[in-house]
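Below are the chains, spelled out letter by letter.
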Amino acid sequence: GLQPYLQALLSLYKFFCPELVTITLPGKMKVFFKNPDGLWKAAIIAVRQRSQENSAVSRPLFLSTAQAQSRKRKWNSQLIIPASSANKNILEKDRGKNSVSLLSTNESFPVEQLQTFSQLLQNIHCLELPSRMGSVLTNPLLLHYMNYIEDESVHLRLYYWMDQTLQEECTWCVADNYQHEEEFKVFLETIYKAECFLQEGFSSCEEFLYRSLPLWDGSCCRSQVLRLLSWMPLRDFFEIKSRLCDPLAQLFLTSSLYFKCSVLESLKELLQNWLNCYAIHEDSESDS
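Residues numbered from 1 in each chain as written. Predicted model: local features only at pLDDT ≥ 70, side-chain atom pairs only at ≥ 80, totals over all residues. Heavy atoms only, no water.

For the rest of this paragraph, the subject is the overall build of the protein chain. The helix and strand tally for the protein chain stands at 13 helices and two strands. Residues classed as buried in the protein chain amount to 36% of the 288 residues present. Within the protein chain, contacts between residues at least 6 apart in sequence are counted, and of these 60% link residues at least 24 apart. (Helix = DSSP H or I, 4+ residues; strand = E, 2+ residues; numbered from the N terminus. Buried < 20%, exposed > 50% of the residue type's maximum accessible area, 1.4 Å probe, protein only. Contact = heavy atoms within 4.5 Å.)

Next up, the structure:
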């Protein structure tokens, strides 16, 4: 029978080659195929709205085929990394206890009471992570914990939070966020410091860069973006060339001498990080 998706496909054939489709199709049908030029269309609209300083932005335009709307801007106007927060019931229950009794119990250890590295070592198997994973980025002890723990759910929580925040707050991907550039710079700088601490990049940050570099103008948050590039993990050559080098090459050819030097410096640091990672991997294999 004529299922709706088959009718949509036949309508495309009839539009381009009407002689191949002889049956009658309904004039109005639901859109089943997304516009392949949606990214460029949203980018053009975003640039046009930025150039009109006094124009009112009706809604944020995400540069993706599925447009999402940021909910955080409705409630607070600043990008704030949340502080650590644990379960209130456990905090009330343990308020009257001292640290010694906490170490001797099997209950979870709240992050509010985590002050020293020795406490982390003694409670590493019963540590209660904060309910808002963004606070991990500014806590060295929790970064040590993230580097040690092999629980995939913990890493997925941080991945989803960071991926969503980067998508909602990206200055050049959301039409009404260009006025919050300084806040986004601070956020990217925080991610970069966490990556330097861990000596590796975040996968959500890598995907964000791959997704947003083709739309980047080379000016907005330049220093922070190029620093994050230096912690990109080593991938297949063709993937790196198409998703990293090609977008940078387009900016490189039409940019100033300062930008060219900045890109070369970032790529040099990226190569150094790859070599260091390779050397550590070789040492670990030789020891084993």
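Taken as a whole and judged by the stated rule, the model has eight salt bridges. Taking the shortest distance from any N to any O, the salt bridge between Arg243 and Glu239 comes out at 3.4 Å. With Arg243 and Glu239 both in helix H12 (residues 237-253) and four residues apart, this pair spans about one turn of that helix. Under the relative-accessibility criterion, Glu239 is labelled partly exposed at 27%. One network of salt bridges, with partners in common, ties together Glu181, Glu182 and Lys185. (Salt bridge = Lys/Arg side-chain N within 4 Å of Asp/Glu carboxyl O.)

In this model, Gln199 sits at a positive phi of 60 degrees, which is unusual for a non-glycine residue. With respect to the helices and strands, the residue Gln199 is situated in the loop between helix H9 (181-198) and helix H10 (203-212). One non-glycine residue with positive phi stands out, namely Cys221, at about 55 degrees. Residue placement: Cys221 occurs in the loop between H10 and helix H11 (222-229).

Glancing now at the environment of Leu141. Looking at where Leu141 falls in the secondary structure, it is placed in helix H7 (residues 140-148). For Leu141, a relative accessible area of 13% puts it in the buried group. Each C-alpha atom of the pair Leu141 and Val111 lies 9.4 Å from the other, and the pair is 30 residues apart in sequence. In contact with Leu141, other than residues within four places in its own chain, are Leu114, Gln115, Thr116, Phe117 and Leu120.

Glancing now at H9. Relative to the 26 Å expected for 18 residues at 1.5 Å per residue, H9 spans 26 Å between its end C-alpha atoms, a close match to the ideal helical length. Elements in contact with the buried residues of H9: H7, helix H8 (152-169), H10 and H11. Two residues or fewer past H9, Gln199 is found with a positive phi of approximately 60 degrees. (Expected span 1.5 Å × (residues − 1).)

Turning to the packing of aromatic side chains, a few remarks are in order. Tallied over the entire structure, the rule returns eight aromatic pairs. Both rings, one in Trp172 and one in Phe208, keep their centres 6.1 Å apart while their planes meet at 45 degrees; by these two values the pair is tilted. A residue pair is termed long-range when its members are at least 10 positions apart, and Trp172 in the loop between H8 and H9 and Phe208 in helix H10 qualify at 36 residues. We classify Trp172 as buried; its relative accessible area is 4%. Take Phe208: its relative accessible area is 2%, and that puts it in the buried class. Each ring, one from Phe237 and one from Phe238, has its centre 5.4 Å from the other, and the planes form 70 degrees; the classification is edge-to-face. (Phe/Tyr/Trp six-rings, centres within 6.5 Å; stacked < 30°, edge-to-face > 60°.)

As a further point, take the nonpolar core. Trp172, Phe184, Ile191, Phe202 and Trp216 are the most contacted members of the largest nonpolar core, which has 55 residues in total. At the level of elements, H7, H8, H9, H10, H11, H12 and helix H13 (257-287) are the ones that each hand at least two residues to this core. Residue contributions to this core peak at seven residues, all from H9. (Core = buried A, V, L, I, M, F, W, Y, C linked by side-chain atoms within 4.5 Å.)

On the surface, a cluster of nonpolar side chains totalling about 690 Å² of accessible area is made up of Leu9, Leu12, Tyr13, Phe15, Phe16 and Leu20. Mapped onto the fold, Tyr13 is located in helix H1 (residues 4-16). When its relative accessible area of 45% is taken as the criterion, Tyr13 is described as partly exposed. (Patch = residues over 30% accessible without salt bridge, like charges linked within 9 Å, V, L, I, M, F, W, Y side chains within 5 Å. Areas by Shrake-Rupley, 256 points an atom, 1.4 Å probe, with all protein chains shown as cover.)

Before going further, it helps to spend a moment on the packing of H7 against H9. It is the contact of H7 with H9, at a shortest axis distance of 10 Å, that shows an interaxial angle of 55 degrees. Viewed along their axes, H7 and H9 adopt a mutual orientation that is oblique. In this structure, H7 meets H9 at a crossing whose hand is right-handed. Across the interface between the two elements, Pro140, Leu143, His144 and Asn147 of H7 pack against Ala194, Phe197 and Leu198 of H9. For the contact of H7 with H9, the per-class residue count stands at five nonpolar, two polar and no charged. (Axes fitted to C-alpha atoms, helices over the stretch in contact; angles between N-to-C directions. Parallel < 35°, antiparallel > 145°, perpendicular 65-115°, else oblique. Left-handed = near helix turned anticlockwise from the far one by under 90°. Nonpolar A, V, L, I, M, F, W, Y, C, P; charged D, E, K, R; others polar.)

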